[in-house]
Amino acid sequence: MSQKKKIAILGGGVGSMSAAWALTEAPDWQNQYEITVYQMGWRLGGKGANSRNPEDAERIEEHGLHIWFGFYDNAFRVMQHAYEQCRCENLMPGSPMQSWTDAFKQHSTLTAMETVNGEWTPWPIVYPLAGGVPGFGDEEIMTAKKYFRMLIDWAKVNLRDLLVESGAVSWTGFVSLMRMALRAVQAGLATPDKEENIEDSGYIQRFAKIADEFRNAVENAVTKEMNDNHVLRRKLEIFDLLFAMTRGLIVDRVLTRGFDSIDHLDTREWLQRHGSRRTDSSMVRGMYDLVFAYRNGDIERPSLAAGTAVRTLLRILFTYKGSMLYKMQAGMGEIVFSPLYKALQARGVKFKFFHKVKNLGLGADGASIA
């Protein structure tokens, strides 16, 4: 028999544990590999590790968030399999978390904070339940064009809510605005598959002109009625954000060039370029806060790539399964890394704690790490 290849996985964070999991998914992996995870301290998890403070009511102490989004298909699939293995092999006896549904609970309310008259005010947003379960089914590879169609379908419903049901615009006024939007549709907006339209500078100019007229008409209609109506103001903030995104996807030809084509721009800069007047809103700030997008942690130095931000926001809004959010019922170390550790150990992966990597270098053959 040929000698097994030795695989050293350095560190016990999410990337390392995911690599170990993927390698051991093959039924005959032990005939090919000997896998060892080296962890500097006594806890797996990297930034997702946690401990409990016995001097403070066993309070969870950790870095990171207790939530996953409902579009995390890959992550949920791994956890579903890990919990199922732990349950079948009785690897966590006595644990209250015997299945992934014990560990992750649906959570549909997201609360943003905003300053109103100099005071912090909560803005609760409830997202409806969707079909499916994250981790189940084939995940569709989403292109910018598919996201764009979702954005347009969402706008059709929510523009009516913003303008008519709020009382800001009559049905007659709403129809007039929709006719204006229809001019953009007839110019090619409804057929983003026509790449010759999207790449044509004349079309881009015509679309931008009509879109800006439509945006200004909506803004003027709503701001006249807004006064202290915070519900209406919040809806306008959402419209402001999604309008700028829609305009930018067309004008910057993202539909054909992909989201990466605008990653050299900061998100706020890109939104302002496409007409956003509310880039200081809690919705936009929340995008930065979510991923700690500040240089050296300085909130005065925000930095968030526009393409990455737009793609992520569209995924959060339009592609979640079940619930938009899933809340962990304990610390991430307990919910995610404990079952992974138990399952991997049972599969035959070795773990070496209190091992610190001091140096990585090329081997004598110049092609391997020693």
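Chains are numbered independently. Their residues run from 1 in the order of the written sequence. A pLDDT threshold of at least 70 governs which residues receive local features in this predicted model, and a stricter bar of 80 or more applies before side-chain atom pairs are shown or counted, although totals over entire chains, interfaces and linings include all residues. As a rule here, side-chain values come from all non-hydrogen atoms in the structure, and water together with hydrogens is ignored.

**Q** With reference to specific residues and values, describe the overall build of the protein.
**A** For the purposes of this entry, the term helix denotes a DSSP run of H or I that reaches at least four residues, the term strand denotes a run of E that reaches at least two, and both are numbered from the N terminus. Secondary structure summary: the protein contains 13 helices and ten strands in total. Any residue under 20% of the maximum accessible area for its type is buried, any over 50% is exposed, and the rest in between are partly exposed; the area is computed with a 1.4 Å probe on protein chains only. Counting the 370 residues in the protein, one finds 42% classified as buried. Computed with the Shrake-Rupley method and a 1.4 Å probe, the accessible areas treat only the protein chains shown as cover for residues. Of the roughly 20,200 Å² that the protein leaves accessible, carbon and sulfur atoms contribute 52%.

**Q** So, helix 8 (residues 230-251): which residues are in play, and what are the values?
**A** Relative to the 32 Å expected for 22 residues at 1.5 Å per residue, helix 8 spans 31 Å between its end C-alpha atoms, a close match to the ideal helical length. Most of helix 8 sits out of view: 18 of its 22 residues are buried. Within two residues after helix 8, Arg253 carries a phi angle of roughly 60 degrees, on the positive side. The span expected for a helix works out to 1.5 Å for each residue beyond the first.

**Q** Break down the packing of helix 1 (residues 14-23) against helix 13 (residues 332-347) for me, with residues and values.
**A** For the pair helix 1 and helix 13, interaxial distance at closest approach is 11 Å and the crossing angle is 35 degrees. Relative to helix 13, the crossing made by helix 1 is left-handed. Along the contact surface, helix 1 presents Val14, Met17, Ala20 and Trp21, while helix 13 presents Phe337, Leu340, Tyr341, Ala343, Leu344 and Arg347. Per-class residue counts for the contact of helix 1 with helix 13 are nine nonpolar, no polar and one charged. For helices, the fitted axis covers only the stretch in contact; all axes are lines through C-alpha atoms, and the angles between them, taken along N-to-C directions, range from 0 to 180 degrees. Whether a crossing is left-handed or right-handed is set by the direction in which the near helix is turned from the far one by less than a right angle, anticlockwise for left-handed and clockwise for right-handed. Note on definitions: a residue-residue contact is assigned when non-hydrogen atoms from the two residues lie within 4.5 Å. Classification convention: Asp, Glu, Lys, Arg as charged; Ala, Val, Leu, Ile, Met, Phe, Trp, Tyr, Cys, Pro as nonpolar; all other residues, Gly among them, as polar.

**Q** I'd like a description of the nonpolar core, backed by residues and values.
**A** One recurring pattern in soluble globular proteins is that nonpolar side chains are buried together. We define a nonpolar core as any set of buried Ala, Val, Leu, Ile, Met, Phe, Trp, Tyr and Cys residues linked to one another through side-chain atoms lying within 4.5 Å. Formed by 55 residues in total, the largest nonpolar core has its most connected members in Leu241, Met245, Leu249, Phe259, Trp270 and Leu314. Elements that contribute at least two residues to this core include exactly strand 8 (119-126), helix 4 (144-165), helix 7 (201-226), helix 8, helix 9 (254-257), helix 10 (267-273), helix 11 (282-290) and helix 12 (306-318). At eleven residues, helix 8 tops the list of elements feeding residues into this core. In contact with Leu314, other than residues within four places in its own chain, are Tyr147, Leu151, Met245, Phe259 and Thr319. Counting 32 residues, the second-largest nonpolar core is a separate cluster that includes Trp29, Leu44, Phe104 and Ile335.

**Q** Could you give me a rundown of the confidence of the model for the protein, with the residues and numbers involved?
**A** Averaged over every residue, the pLDDT of the protein is 86; residues scoring 70 or more account for 86%. A residue's pLDDT is the predictor's confidence in that residue, given on a scale from 0 to 100. The least confident element of the protein is helix 6 (residues 195-199), whose mean pLDDT is 55; the most confident is strand 10 (residues 350-353), at 98. Low confidence marks residues 188-193, where pLDDT is under 50. Its contacts with residues over four positions away, or in another chain, come to 16 contacts.

**Q** Describe the sheet that holds strand 6 (residues 104-107), and please don't skip the residues or the numbers.
**A** One open sheet accounts for three strands, arranged 5-9-6; its pairing is antiparallel. Two strands in the sheet have a free side with no partner beyond their single neighbour: strand 5 (67-69) and strand 6. Strand-to-strand twist in this sheet, taken as the mean axis angle between neighbours without regard to direction, amounts to 35 degrees. Pairing between strand 6 and strand 9 (residues 325-328): four bridges, direction antiparallel. Its bridge partner being in strand 9, Gln106 is matched across the sheet by Tyr326. At least two bridges found by DSSP between two strands is the condition for calling them paired.

**Q** Account for the pattern of salt bridges, with residues named and values stated.
**A** When a carboxyl oxygen of Asp or Glu is within 4 Å of a side-chain nitrogen of Lys or Arg, the pair counts as a salt bridge. What the rule picks out here adds up to 13 salt bridges. One salt bridge connects Glu114 with Arg233, and the closest N-O pair in it is separated by 3.0 Å. Highlighted residues: Glu114 in strand 7 (residues 109-116) and Arg233 in helix 8, separated in sequence by 119 residues. Each member of the pair Glu114 and Arg233 is classed as buried. Measuring nitrogen to oxygen at the nearest pair gives 2.6 Å for the salt bridge that ties Arg234 to Glu114. On the criterion of sequence distance, the pair formed by Arg234 in helix 8 and Glu114 in strand 7 is long-range, its members being 120 residues apart. We classify Glu114 as buried; its relative accessible area is 5%.

**Q** Give me the lowdown on the sheet that holds strand 2 (residues 33-39), citing residues and values where you can.
**A** With parallel pairing, the three strands of this open sheet are ordered in space as 1-2-10. Both outer strands of the open sheet, strand 1 (5-10) and strand 10, are each paired with one neighbouring strand and no more. Strand-to-strand twist in this sheet, taken as the mean axis angle between neighbours without regard to direction, amounts to 20 degrees. With four bridges joining them, strand 2 and strand 10 adopt parallel strand pairing. Bridging from a neighbouring strand, Gln39 pairs with Phe353 of strand 10. In this fold helix 1 packs onto strand 1, strand 2 and strand 10, with an angle of close to 155 degrees to the strand it touches most, strand 1.

**Q** Please give an account of unusual backbone geometry that cites residues and values.
**A** Even without glycine at this site, Glu58 takes up a positive phi of about 55 degrees. With respect to the helices, strands and loops of the structure, Glu58 is situated in the loop between strand 3 (50-53) and strand 4 (59-62). Among the residues examined, Glu58 registers a relative accessible area of 40% and is labelled partly exposed. The residue Phe292 is not glycine, and still its phi comes out positive at about 55 degrees. On the basis of relative accessibility, which here comes to 53%, the residue Phe292 falls in the exposed class.

**Q** I'd like a description of the side chain of Arg234, backed by residues and values.
**A** The buried category is assigned to Arg234, whose relative accessible area is 13%. Apart from the residues within four sequence positions on either side, Arg234 is in contact with Glu114, Thr121, Pro122 and Trp123.

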